[in-house]
Amino acid sequence: MREVVIIDDEPWTRGVILKLGQWDQLGLAVVGEAADGEVGLELIHKLLPDIIITDVRMPRIGGIELVQQLRAENYNVPILIVSGYDDFAYVRSALKLGVTDYLLKPVKAQELHQQLLRCIEALDRQEVAKPAMQAGFFATGWTAFANSWRQRCRWEIAASFRSSLRSCKPCF
């Protein structure tokens with residue numbers, strides 16, 4: 001099952017998206033929700049979802065800024081922007097960042113379903129990759145890095161100790 005995170009400052013909108021999505025039929029599971037972009041970003045880092053649905057204008061971090069940060073981190077999963085603003089500047093910014101689509105509120109069930117299908121197709125074609133951090137340093141590399149660092153510290157401490165022993169003059 002693929003995982004989805006919904007980020008919107010309006011609880012009503014999150015509830016509508018939850019009710020409209022045919023999650024089980026599509027093989028999707030909503031694994032988290034956030035009421036602002038800052039909490040949403042933390043949730044994404046923690047859960048590493050396959051698909052993100054986010055509002056444009058939210059407290060702390062807006063949807064466009066959220067997508068910019070994720071793209072800068074090489075987190076290239078499908079993202080659907082949901083907004084009550086039919087503003088070309090928002091749409092253009094979102095599309096430049098490679099979002100899958102820009103949906104206007106109120107969200108329609110058929111439109112949401114079609115866009116979720118597009119996200120799934122993109123994932124199936126492997127056009128988008130899971131973030132480097134999932135298979136990289138933070139997921140698997142941390143243990144190896146920590147062990148390597150510990151070993152290096154041991155060698156340096158031992159070398160330093162041996163060096164100080166050699167330079168030490170006997171006091172008797």
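The following paragraphs examine the structure supplied in this document. Since the structure is predicted, the reported quantities are computational estimates derived from the model, not experimental observations.

Where strand β1 (residues 2-7) meets strand β2 (residues 28-34), 6 bridges bridge the pair, whose relative direction is parallel. Each residue of the ladder has a partner; that of V4, found in β2, is V30. As paired strands, β1 and strand β3 (residues 51-55) are joined by 4 bridges and run parallel to one another. Across the sheet, residue I6 finds its bridge partner in β3, namely I53.

Moving on: the side chain of R14. Mapped onto the fold, R14 is located in helix α1 (residues 11-20). At 3.0 Å, the side chain of R14 and the side chain of E33 are in polar contact. R14 has contacts with I6, D8, D9, E33, A34 and A35, leaving out every residue within four places of it along the chain.

A few words now on the pattern of salt bridges. Using the criterion set out here, one finds 8 salt bridges in the structure. For the salt bridge of R2 with D124, the shortest nitrogen-to-oxygen distance reads 2.9 Å. Taken together, the residues span a long stretch of sequence, with R2 in strand β1 and D124 in helix α6 (residues 109-124) at a distance of 122 residues. One salt bridge in this structure joins D101 and R118, with 3.8 Å as the shortest N-O distance. Here D101 is found in strand β5 (residues 101-104), whereas its partner R118 is found in helix α6, with 17 residues between them in sequence. One network of salt bridges, in which partners are shared, links D8, E10, D55 and K105.

A few words now on the nonpolar core. Counting residues in each nonpolar core, the largest one holds 23 residues, and the members touching the most others are I7, I44, I52, L66, L70, Y75 and I81. Going through the elements one at a time, β1, α3 (37-47), α4 (63-72), β4 (79-83) and α5 (88-96) are the ones with two or more residues in this core. Of the residues forming this core, the biggest block, 4 residues, is contributed by α4. Sequence-distant contacts of L70, that is, excluding residues within four places in its chain, are made with L41, I44, I52, Y75 and I79. Formed by 17 residues, the second largest nonpolar core is a distinct cluster that contains I17, W23, V82 and L112.

Definitions and limits used
Residues numbered from 1 in each chain as written. Predicted model: local features only at pLDDT ≥ 70, side-chain atom pairs only at ≥ 80, totals over all residues. Heavy atoms only, no water. Pairing = 2+ DSSP bridges. Helix = DSSP H or I, 4+ residues; strand = E, 2+ residues; numbered from the N terminus. Polar contact = N/O pair within 3.5 Å; in protein donor to acceptor, adjacent residues only side chain to side chain. Contact = heavy atoms within 4.5 Å. Salt bridge = Lys/Arg side-chain N within 4 Å of Asp/Glu carboxyl O. Core = buried A, V, L, I, M, F, W, Y, C linked by side-chain atoms within 4.5 Å. Buried < 20%, exposed > 50% of the residue type's maximum accessible area, 1.4 Å probe, protein only.

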